[in-house]
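Residue-level listing of the chains:
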Amino acid sequence: MAKQSGLLKRQKEEQKKRERVLQDATRQTFVQYMTDTLLFTLNDPEVMGKDVFGYARLKKVLDAWGAKYDLYFDALTLKDEADYFRQKMDDALRRIVPEGEEFFPFEERYQWLPLITYGEAGKKGGGKR
């Protein structure tokens, strides 16, 4: 195998860094956008009727939402606990979705994430879609 030049290696590392920064910026932008549109919706009398959420109630919701976001975040990863948190998310949603209404399991709601599969001796890995 041919050795990589130091310059080429540094260029590849810099490209990976730029890609991570772009991914993080994209994620943060969409989280902010989703938060803003949730606030607008919960404060809209056409949606909420007379029971619109004011500042204090919105702040309470956002604080709790942030805690839930952190609690379940590992479901989006391939960490050891990911399958546990995916199941916990499905369990929580099943309690919300009324009997007879269609329920979509985690794997359908998050189609772009790798499936969690178990191979030899129960080893966990990311399966392809």
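A.B. asks: Just checking my understanding: could you explain the overall build of the chain for this structure?
C.D. replies: Scanning the chain from terminus to terminus reveals five helices and two strands. Counting only residues that meet the buried cut, the chain has 12% of its 129 residues in that class. When contacts within the chain are restricted to residue pairs at least 6 apart in sequence, those whose partners lie at least 24 apart make up 29%.

A.B. asks: Explain the environment of Phe53 to me, please; I cannot follow it from the model alone.
C.D. replies: Looking at the element boundaries, Phe53 is found in the loop between α2 (45-48) and α3 (55-72). Overall, the relative accessible area of 12% leaves Phe53 in the buried class. Each C-alpha atom of the pair Phe53 and Leu42 lies 5.6 Å from the other, and the pair is eleven residues apart in sequence. Contact partners of Phe53, with chain neighbours within four places excluded, come to Leu42, Asn43, Met48, Leu58 and Val61.

A.B. asks: For this particular structure, what's the right way to read the layout of surface pockets?
C.D. replies: Where empty space is left can be seen by rolling a probe of water-molecule size over the atoms. Quantified by volume, the largest pocket comes out at close to 700 Å³. Taken together, 19 residues form the lining of the largest pocket, with Trp65, Lys68, Tyr69, Met89 and Tyr110 sitting closest to its centre. If you tally residues by element for the lining of the largest pocket, the top one is α3, at six residues. Taken together, the residues that form the lining of the largest pocket break down as 14 nonpolar, two polar and three charged.

A.B. asks: Teacher, can you tell me more about the packing of aromatic side chains here?
C.D. replies: The geometry of two aromatic rings is summed up by the distance between their centres and the angle between their planes. For the structure shown, the criterion picks out three aromatic pairs. Centre to centre, the rings of Tyr69 and Phe73 are 5.7 Å apart; their planes meet at 35°, and the pair counts as tilted. Pairing Phe106 with Tyr110 gives two aromatic rings, centres 4.4 Å apart and planes at 20°, and the pair type is stacked. Accessibility expressed as a relative area gives 0% for Phe106, which makes it buried.

A.B. asks: I would appreciate a short explanation of the nonpolar core in the present structure.
C.D. replies: A general trend in soluble globular proteins is that nonpolar side chains are found buried together. In terms of nonpolar packing, the biggest core is built from five residues, these being Ala75, Phe85, Met89, Phe106 and Leu113. Once residues lying within four places of it in the same chain are set aside, the contact partners of Met89 are Tyr72, Ala75, Phe106, Arg109 and Tyr110.

A.B. asks: Explain the side chain of Asp90 to me, please; I cannot follow it from the model alone.
C.D. replies: Here Asp90 is to be found in helix α4 (residues 82-96). For Asp90, a relative accessible area of 5% puts it in the buried group. Residues within four places of Asp90 in sequence aside, it is in contact with Phe103, Phe104, Pro105, Phe106 and Arg109.

A.B. asks: What exactly am I supposed to notice about the pattern of salt bridges here?
C.D. replies: Between side chains of opposite charge, a pair can form when the charged atoms approach closely. Tallying each qualifying case throughout the model produces six salt bridges. Residue Asp51 is joined to Arg57 by a salt bridge in which the shortest nitrogen-to-oxygen separation is 2.8 Å. In this structure Asp51 comes out as partly exposed when scored by relative accessible area, which is 43%. Judged by its relative accessible area of 36%, Arg57 falls in the partly exposed class. Close ionic contact of Arg109 with Asp90 constitutes a salt bridge, the shortest N to O distance being 2.8 Å. You can see Arg109 sitting in helix α5 (residues 106-109) and its partner Asp90 sitting in helix α4, a full 19 residues away along the chain. According to the relative accessible area criterion, Arg109 is partly exposed, its value standing at 28%.

How each quantity is defined
All residue numbers here refer to positions counted from 1 along the written sequence of the relevant chain. This being a predicted model, a pLDDT of at least 70 is required before a residue's local features are given, and a value of 80 or more before pairs of side-chain atoms are given or counted; all residues contribute to the totals for chains, interfaces and linings. Where side-chain values are given, they derive from all heavy atoms of the structure, hydrogens and water being excluded. Strands are runs of DSSP state E lasting at least 2 residues, helices are runs of H or I lasting at least 4, and numbering of each runs from the N terminus. Here the term buried applies to any residue with accessible area under 20% of the maximum for its type, exposed to any over 50%, and partly exposed to those in between, with areas from a 1.4 Å probe on protein chains only. Whether two residues are in contact is decided by their heavy atoms: any pair within 4.5 Å suffices. Cavity and pocket criteria rest on a 1 Å grid covering protein atoms alone: a 1.4 Å probe that fits but cannot get out defines a cavity, protein on both sides within 12 Å along at least 5 of 7 lines defines an open pocket, and an atom within 4 Å of a point defines a lining residue. Grid points are joined across faces, edges and corners, and a volume is the space filled by probe spheres set on the points. Note on residue classes: Ala, Val, Leu, Ile, Met, Phe, Trp, Tyr, Cys and Pro are nonpolar, Asp, Glu, Lys and Arg are charged, and everything else, Gly too, is polar. Two aromatic rings, drawn from Phe, Tyr or Trp (for Trp, its six-membered ring), form a pair once their centres lie within 6.5 Å of each other, and the interplanar angle then sorts them: stacked below 30 degrees, edge-to-face above 60, tilted otherwise. The term nonpolar core refers to a set of buried residues drawn from Ala, Val, Leu, Ile, Met, Phe, Trp, Tyr and Cys, joined through side-chain atoms within 4.5 Å. A pair is scored as a salt bridge if a Lys or Arg side-chain nitrogen falls within 4 Å of a carboxyl oxygen belonging to Asp or Glu.

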